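One-letter residues, chain by chain:
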Amino acid sequence: MKLHLPIAMLALIAAGTTQADTISSNVTVAENASKEYGYLTIDGGNLTNNGKVTADNIYIANGNIVNNGLMSDKDADDLYDFVTFADANGTFTNNGRIEGNLSIIYGRLELNDGSYIKTLDVYDADSPEEGVSVYLNGNVSVDSLYLGDNTEFIFALDSSIDLGGGNFEFYDVKLVLMVDSDLTAGDSATDYSTLLTQNLFTNFVNSTWTGGGATGFTGDTLITLRDAEGDEVTRTYSEVSANIPEPATATLGLLALAALAARRRRA
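Only a predicted model underlies this, so the values are computations on that prediction, with no experimental measurement involved.

## Thoughts on the overall build of the chain
The secondary structure content of the chain amounts to 3 helices and 20 strands. Counting only contacts in the chain whose residues sit at least 6 apart along the sequence, the fraction spanning at least 24 positions is 46%.

## Looking at the pairing of strand E15 (residues 151-155)
Each regular strand carries side chains that alternate between the two faces of the sheet. Taking burial as the measure, the 5 residues of E15 include 4 buried ones, the bulk of the element. Pairing of strand E13 (residues 132-137) with E15, which is carried by 5 bridges, proceeds in the parallel orientation. Pairing of leucine 136 across the sheet is with phenylalanine 155, part of E15. One ladder, built from 5 bridges, connects E15 with strand E17 (residues 173-178); its direction is parallel.

## Focus on the packing of aromatic side chains
Following the criterion strictly, the structure yields 12 aromatic pairs and no others. A centroid spacing of 5.2 Å and a plane angle of 85° characterise the contact between phenylalanine 168 and phenylalanine 204, whose relative ring orientation is edge-to-face. Placement of phenylalanine 168 in strand E16 (residues 160-170) and of phenylalanine 204 in strand E18 (residues 201-206) is noted, with a sequence separation of 36 residues between them. Ring geometry for phenylalanine 201 versus phenylalanine 217: centroids 4.9 Å apart, planes at 70°, classification edge-to-face.

## Notes on unusual backbone geometry
Positioned with a positive phi, asparagine 32 is a non-glycine residue whose angle comes to about 70°. Summarising the element assignment, asparagine 32 is placed in the loop between strand E2 (26-29) and strand E3 (34-36). Given a relative accessible area of 77%, asparagine 32 falls into the exposed group. Of note in this structure, aspartate 158 is not a glycine but carries a positive phi near 70°. Note that aspartate 158 resides in the loop between E15 and E16.

## Section: the confidence of the model for the chain
Per-residue confidence for the chain gives a mean pLDDT of 83, with 79% of residues at or over 70. Per-residue pLDDT stays below 50 along residues 1-5; that stretch engages in 20 contacts with residues further than four places along the chain or on separate chains. Contacts for the low-pLDDT stretch residues 7-17, under 50 throughout, to residues beyond four places or in other chains number 8 contacts.

## Some thoughts on the environment of threonine 93
Structurally, the position occupied by threonine 93 is in strand E9 (residues 91-94). Considering only alpha carbons, one finds threonine 93 and glutamate 110, 17 residues apart in sequence, at a separation of 4.7 Å. When near neighbours in sequence (up to four residues on either side) are disregarded, threonine 93 contacts Ile65, Val66, Asn67, Glu110 and Asn112.

## A look at the pairing of strand E6 (residues 57-67)
Pairing of strand E4 (residues 39-49) with E6, which is carried by 10 bridges, proceeds in the parallel orientation. The residue bridging tyrosine 39 from the neighbouring strand is asparagine 57, located in E6. As defined by bridge partners, E6 adjoins strand E8 (residues 83-85) across 3 bridges and the pair is classed as parallel. Within E8, the residue paired with tyrosine 59 across the bridge is threonine 84.

## Details of the side chain of aspartate 73
Mapped onto the secondary structure, aspartate 73 falls in strand E7 (residues 70-73). One buried charged side chain, aspartate 73, makes no salt bridge at all; its nearest oppositely charged neighbour is lysine 118, positioned 7.5 Å away. Only 3.1 Å separates the side chain of aspartate 73 from the backbone nitrogen of aspartate 75, close enough to count as a polar contact.

Reading the values: rules and limits
- Residues numbered from 1 in each chain as written.
- Predicted model: local features only at pLDDT ≥ 70, side-chain atom pairs only at ≥ 80, totals over all residues.
- Heavy atoms only, no water.
- Helix = DSSP H or I, 4+ residues; strand = E, 2+ residues; numbered from the N terminus.
- Contact = heavy atoms within 4.5 Å.
- Buried < 20%, exposed > 50% of the residue type's maximum accessible area, 1.4 Å probe, protein only.
- Pairing = 2+ DSSP bridges.
- Phe/Tyr/Trp six-rings, centres within 6.5 Å; stacked < 30°, edge-to-face > 60°.
- pLDDT = per-residue confidence, 0-100.
- Lys, Arg positive; Asp, Glu negative; His and termini not counted.
- Salt bridge = Lys/Arg side-chain N within 4 Å of Asp/Glu carboxyl O.
- Polar contact = N/O pair within 3.5 Å; in protein donor to acceptor, adjacent residues only side chain to side chain.

Pasting the structure below:
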């Protein structure tokens, strides 16, 4: 597991080898402007990025970030997370690009249409009450995705996440699909087989190990349907997407096309 920022930052500061920055008010980076930080702590403040922000690490101790531009890790190959949450009330809204690893243990993440994250790690919370809420609104891209225990991953209808052939680790996650019709809580009879018109997760390779209660994302994965009033019913992925190929089938198809392309390049 990666070292998280608080330990790494304290060690580096003690050694006198890095710059520490703190945001405790409202800071906005204008469009076409750039801002560079060392090890940045959001503590009682808010950062809105409309331009370009680079940093060694960003630690959300108490505050919020809205990214409408580009945020990037100074060292894409380091061992540390680029953005780390540490407060249950912290929020991150991404409308742009994050070139780095975003790690969440608490708080809320909102990913909006057209946004991108290089790597998203949602680590295991100690309990559902301390879990993470991730809200997906539209079609977004992530190169690598880890969803740990006690995570609620919420999709607006017609939303999806494209992993571009990357890894997808899936554990005890509550997947929620918001619907625009009224539901009867606990309903087990209604047919929702034509609800989904596209996959929730696309172009991924299941890389979950088989121990510790882990499961890959498959047609048997449970999906919670939720209406605007909060009423819920549960179905398997296959039961809400009868006309969409099984995730494993879609993945194998992608890999087969990649292998074919490679053979043609060698020919």
